[in-house]
2 protein chains.
Amino acid sequence: MTVPPGRRERKKAATRQKIADTALRLFLERGYDAVGIRDVAAEADVAVTTLFSHFASKEALVFEQDDDFEQRLTQAVTDRAPDEPLIPALRREIQSLVRHCTADGATPIWRMIDESPALREYEESMRLRHAESLAKAIAADPDLSQTTTASRTIARFVIDAYSLAREAPDPDAALDEIFRMIEAAWAVTCPSGNFTGTVGQ
Amino acid sequence: MTVPPGRRERKKAATRQKIADTALRLFLERGYDAVGIRDVAAEADVAVTTLFSHFASKEALVFEQDDDFEQRLTQAVTDRAPDEPLIPALRREIQSLVRHCTADGATPIWRMIDESPALREYEESMRLRHAESLAKAIAADPDLSQTTTASRTIARFVIDAYSLAREAPDPDAALDEIFRMIEAAWAVTCPSGNFTGTVGQ
DNA sequence: TCCAAAAAGCTAACGGTTAGTGTTACGGTC
DNA sequence: GACCGTAACACTAACCGTTAGCTTTTTGGA
C-alpha cells in the first residue's frame, strides 16, 4: 500500500484482486446464485481453499471494499477540523458514500445485492460492525463528552441514514431530512446546551 | 388460536412446538454450533424435511416468537389511544420487550445468541424486517402526516433503541436516554410545531 | 365410506465451508 | 550464494444446512 512492499505481498494482493474481479464479473454475468464458489475459483485459476483464505465467505467477495468504508467513517470523526462539529462532518462523509453507491456505474451491483437475501443480510451485519466502529471513534473524542449510550445511538442513527438514503428515490433530499432529525437527537445529548448548527431548519 | 381450530391444526402446532422446544433444549445443553439439524430432527422424532417445513432455517428455531414481536410493535402504533402521541406509545412497548429479553430466565438464550455470529446476523435482519413493518404502520396512521422517509427513519431509530437497550448494562437508563433523542428527532419532523411531551428533559 | 389435500416421511443430492496434508515460492540470515 | 522458516497456494475429502422429488400417512368433509 505505501511503497513496493516486497514481491510476496504484491503477489498476494494480485491474487486477491484477481479473485474479486473474477467473482464480480461472473456474478454480474450469470447472477449471484447461479455462480458457485467452485466456478469462481476455477475461473480465477486458484484453489477453493485459496479463495477462502482471502475472503471469509462468498458474500465477502461482493463487499470487497468493506474496510475502506469503515475507515472513512471513523476518520471523518478523528480527522475533522479541531472546531468542526461532529454531525456535519459525518453528514459530509455519508453524503459522499451515498453518492458513490448511487452513481450510475454502481447500479448493477446494488441491484444484484438487493435481489439476494444472503447479500442483504451480509450487508446488514456489515453495517452493524461499522456502527460499532463509529461509536468507538465518537466515544474516544475528548471534545465530545458523551455517554456510551449516546455515542452508540448516534452511530446507529448515522448508519441508518446511509442505509435509508441509499434506498430512497431522492437520496439527497432523504439525507437532508434524516440529518435534521439526527442533529436534533444529538443536541439533546449535549450536557452544555451546545448548538450544532441548524436544528429546526 | 381463536377457538378449537380443528385437530389438524392443533397437531401441526404441536409438532412445531415440539421441534422448537427440542431445538432450544439441545442448543442450550450442547451449544448452538455443536447441534446439527439432523440431531434436532432425530430428537424431536420428525424428518429433517418436516423440520424445514415448519422453520425456514436453523436460526429461525431460536427466534420462534419473531412474529409476536412484530405484531406487538405495529399494534403499539395502530391500537394506541386516539389522542396518545406516537413516541410514548412506542416507548412503552419497547420497554416491555426489553424487560422481557433481559429477564433472568432469558439470559442463557441471549448469551447463546451473542456468541453465535450466525444468530446475531439473523437477528439483525429480523430487526430490519420489524423496522419496515413498523414504518408501514406509522406511515399508515392518518393522525401523523409524515413523509415516507421520516416514518422509516423513526422506525429504525425505535428498533435501534430496542437493540441498544437490550445490550446496555442498565437497560432502563439507556432507554430513557435514547428515547429522549428519538423524541427530539421526531419533533423536528412535525410540520405543525407539534409537541410530544418532554424533549429537552 | 371414500376422496382430495395437508402433513409428514425418505432418499439423495447440491453448494458453501473447513480440516488435514502437502508443495512451492519468497524474504531474511549466515 | 546457500539455507531455513514461513506464508501462500493446492488437493482431497468431508461436514452441514438446505432443497428437490416422490411416497406414505393423516385428516376433514362430501
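Residues numbered from 1 in each chain as written. Chains lettered and ligands numbered in written order. Predicted model: local features only at pLDDT ≥ 70, side-chain atom pairs only at ≥ 80, totals over all residues. Heavy atoms only, no water.

(A) Layout of helix α6 (residues 107-115) of chain A. Residue and element names in this part refer to chain A. Listed in full, the buried residues belonging to α6 are Trp110, Met112 and Ile113. For α6, the arc enclosing every buried residue in end-on projection is 155°, short of the 170-degree limit, so these residues lie on one face. For α6, the exposed residues lying more than 90 degrees away from the buried face are Arg111 and Glu115. Packed against the buried residues of α6 are α1 (7-30), α5 (86-102), α7 (117-140) and α8 (148-167). (Buried < 20%, exposed > 50% of the residue type's maximum accessible area, 1.4 Å probe, protein only. Helix = DSSP H or I, 4+ residues; strand = E, 2+ residues; numbered from the N terminus. Arc of directions from axis to C-beta. Contact = heavy atoms within 4.5 Å.)

(B) Quick look at the pattern of salt bridges. Taken as a whole, this structure holds 36 salt bridges over all chains when the rule is applied. Salt-bridge contacts for Glu123 of chain A lead to Arg166 of chain A; the nearest nitrogen and oxygen are separated by 3.5 Å. Linking Glu123 of chain A in helix α7 with Arg166 of chain A in helix α8, this pair joins segments that are 43 residues apart in sequence. Taken as a pair, Glu123 of chain A and Arg166 of chain A share a single burial class, namely buried. Close ionic contact of Arg91 of chain B with Asp176 of chain B constitutes a salt bridge, the shortest N to O distance being 2.8 Å. Of this pair, Arg91 of chain B sits in helix α5 (residues 86-102) while Asp176 of chain B is found in helix α9 (residues 171-187), placing the two residues 85 residues apart along the sequence. Using a relative accessible area of 34% as the deciding quantity, one classes Asp176 of chain B as partly exposed. (Salt bridge = Lys/Arg side-chain N within 4 Å of Asp/Glu carboxyl O.)

(C) Structural detail: the protein's contact with DNA strand D. Around DNA strand D sit 23 residues, and of these Thr15, Thr50 and His54 of chain A together with Arg8 and Lys11 of chain B come closest. Among the atoms of DNA strand D lying within 4 Å of the protein, the sugar-phosphate backbone contributes 63%. The side chain of Thr49 of chain A places a nitrogen or oxygen atom 2.9 Å from a base nitrogen of DNA strand D. At a separation of 2.5 Å, a phosphate oxygen of DNA strand D approaches a polar side-chain atom of His54 of chain A. (Near = heavy atom within 4 Å. Polar contact = N/O pair within 3.5 Å; in protein donor to acceptor, adjacent residues only side chain to side chain.)

(D) Examining the packing of aromatic side chains more closely. All names here are of chain A. All told, the structure shown has 9 aromatic pairs over all chains when counted by the stated rule. Ring centres of Phe63 and Tyr122 lie 5.5 Å apart, and the angle between their planes is 25°; on these two criteria the pair is classed as stacked. One end of the pair, Phe63, is in the loop between α3 (48-54) and α4 (66-78); the other, Tyr122, is in helix α7, and 59 residues separate them in sequence. Like Phe63, the residue Tyr122 is buried in the burial classification. Every member of this aromatic cluster is reached through a ring pair, and the members are Phe63, Trp110 and Tyr122. Looking at Lys58, its charged tip hangs above the ring of Tyr32, at a distance of 4.3 Å from the centre. (Phe/Tyr/Trp six-rings, centres within 6.5 Å; stacked < 30°, edge-to-face > 60°. Lys NZ or Arg CZ within 6 Å of the ring centre and 35° of its normal.)

(E) Broad picture of the domain arrangement of chain A. All names here are of chain A. As far as domains go, chain A holds domain 1 (7-62) and domain 2 (66-189). On a C-alpha basis, the centroid separation for the pair domain 1 and domain 2 is 28 Å. In this assembly, 8 residues from domain 1 lie in contact with 8 residues from domain 2. In this assembly, domain 1 packs against domain 2 so that about 690 Å² is buried in total across both faces, 85% of it on carbon and sulfur atoms. Taken as a group, Leu28, Tyr32 and Glu59 account for 56% of the area that domain 1 buries against domain 2, more than any other trio of residues on that side. (Domains from an automatic or database assignment. Buried area = accessible area lost by both parts, 1.4 Å probe.)

(F) Here's a closer look at the side chain of Glu93 of chain A. On the secondary structure map, Glu93 of chain A appears in helix α5. The residues touching Glu93 of chain A, leaving out its near neighbours within four places in the chain, are Arg72 and Ala76 of chain A.

(G) Spatial organisation of the interface of chain B and chain A. Tallying the contact residues gives 29 residues for chain B and 29 residues for chain A. Of the roughly 2,700 Å² buried between chain B and chain A, counting both surfaces, carbon and sulfur atoms make up 61%. It is Arg156, Leu164 and Met181 of chain B that lose the most area in chain B upon contact with chain A, and together they represent 23% of the buried surface on that side. There are 4 salt bridges connecting chain B and chain A. Between Glu167 of chain A and Arg152 of chain B there is a salt bridge, and its shortest N-O distance comes to 3.1 Å. Along the contact surface separating chain B from chain A lie 6 residue pairs in polar contact (both at pLDDT 80 or more).

(H) Layout of the nonpolar core. Core analysis: the biggest nonpolar cluster contains 117 residues, and Phe27, Ile138 and Ile182 of chain A together with Phe27, Ile138 and Ile182 of chain B have the highest contact counts within it. Dropping the residues within four chain positions of it, Phe27 of chain A is found in contact with Tyr32, Val35, Val40, Lys58, Leu61, Val62 and Met112 of chain A. (Core = buried A, V, L, I, M, F, W, Y, C linked by side-chain atoms within 4.5 Å.)

(I) Spotlight on the environment of Leu51 of chain A. Residue and element names in this part refer to chain A. You can see Leu51 is positioned in helix α3. Classification of Leu51 as buried rests on a relative accessible area of 0%. Sequence spacing of Leu51 and Ile94 is 43 residues, and the spatial spacing of their C-alpha atoms is 31 Å. Once residues within four sequence positions are removed from consideration, Leu51 is found in contact with Ile19, Ile37, Val40, Ala41, Val46 and Leu61.

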